[in-house]
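The primary structure of each chain is shown beneath.
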Amino acid sequence: MKKNIIAALALIVALSVMVMGCGGSEGEKKSDAKQDKVYKVGVCAGPYGPMFREGILPALEKKGYKVELVEFSDYVQPNTSLAEGEIDASLFQNQVFLENSNKNLGLDLKWVAEVPTAPINIYSNKYKSVDEIPDGGVIAIPNDNTNIHRSLKVLEQGHYIKLRDGLDTTQVNPQTDIAENPKHFQIKEVNAELLPSMLDSVDAAIINGNYAVGAGLNLADAIFFEKIPDRYYNTITVRKEDVDAPFTKDIVAAIHSDEFRKVIEDKSKQFYAFARPASYSD
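Everything numeric in this text was worked out from a predicted model, so none of it was measured.

**Focus on the sheet that holds strand 2 (residues 66-72)**
Backbone hydrogen bonds are what pair the strands of a sheet, in a parallel or an antiparallel way. The strand order across the open sheet built from five strands is 2-1-3-11-4, with neighbouring strands paired in mixed fashion. The open sheet is flanked by strand 2 and strand 4 (109-114), the only strands paired with a single partner. Strand-to-strand, the axes of this sheet are offset by a mean angle of 35°, without reference to chain direction. Bridge count between strand 4 and strand 11 (residues 234-239): five bridges; the pairing is antiparallel. Within strand 11, the position partnered with Ala 113 by the bridge is Ile 236.

**Observations concerning helix 5 (residues 145-157)**
End to end, helix 5 covers 19 Å across 13 residues, agreeing with the expected 18 Å (1.5 Å per residue, within 8%). Where burial is concerned, most of helix 5 is hidden: ten out of the 13 residues are buried. Of all the residues in helix 5, the buried ones are Thr 146, Asn 147, Ile 148, His 149, Arg 150, Ser 151, Leu 152, Val 154, Leu 155 and Glu 156. Looking one or two residues past helix 5, His 159 carries a phi angle of roughly 65°, positive in sign.

**Here's the deal with the packing of helix 4 (residues 95-105) against helix 5**
Where helix 4 contacts helix 5, the two axes come as close as 9 Å, and the packing angle between them is 150°. In this structure, helix 4 meets helix 5 at a crossing whose hand is right-handed. The segment helix 4 lies against helix 5, with Val 96, Phe 97, Asn 100 and Asn 104 engaging Asn 145, Thr 146 and Asn 147. Here the contact of helix 4 with helix 5 is built from residues that sort into two nonpolar, five polar and no charged.

Rules used throughout
Residues numbered from 1 in each chain as written. Predicted model: local features only at pLDDT ≥ 70, side-chain atom pairs only at ≥ 80, totals over all residues. Heavy atoms only, no water. Pairing = 2+ DSSP bridges. Helix = DSSP H or I, 4+ residues; strand = E, 2+ residues; numbered from the N terminus. Axes fitted to C-alpha atoms, helices over the stretch in contact; angles between N-to-C directions. Expected span 1.5 Å × (residues − 1). Buried < 20%, exposed > 50% of the residue type's maximum accessible area, 1.4 Å probe, protein only. Left-handed = near helix turned anticlockwise from the far one by under 90°. Contact = heavy atoms within 4.5 Å. Nonpolar A, V, L, I, M, F, W, Y, C, P; charged D, E, K, R; others polar.

Everything listed here is a matter of geometry and, on its own, says nothing about what the molecule does.
Okay, here's the thing in structure tokens:
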């Protein structure tokens, strides 16, 4: 009788150990597959959500990540949401904009990789070239500090204006910092997301690539094309403490993969017309 009881107890203990062992393995499996967290990536309206979804997300999902894209309607919310931990990364801004946001909002966010970027071009529903815009014509531009300077630099690239030397690029004033304006263009500052809707009421507008694409404009229909300067390519941005996190490193690896390049080089996709940063071929 005692032998039967001892044998039964031994069997119970063995089964308990097996169950606990299975539970531990399953827990490790879930952890390894990153199924315990949904990572959130912030984007703005336009092409960078699709770029992330088509070119980066598949590589992350193969590694077991669950990722949700969160779309924002302006350029301020993504950075504040990232700083507050509401999202884990973002794809919408260039290095210059990020530096200004860190300074103005007291943040400490870091960029980790550049991606092909839609230029900030000049569009018009009335004219086929900037040269056709009459003397005193109205040109609308984004009203945030980074894009005010960038937009005016686009006009300067075309030799339509000349800016004063030695400007603080974070505090450019179109009314006082244009040294030469032979056609007396009037510069109208507007929220960036509203610019596409302004095309019928102004002579031309300088529109960020994401909002142009988001509004259904064809990049090829621009009447002047920006030559994107260094530090103006859009970036993957994360919190400082997450620069070396596995999720961050896996995003960067995906951007430098052949699979990502296949998406960008597909002539049937909008990304094919985007400018490539120097790191694209790394």
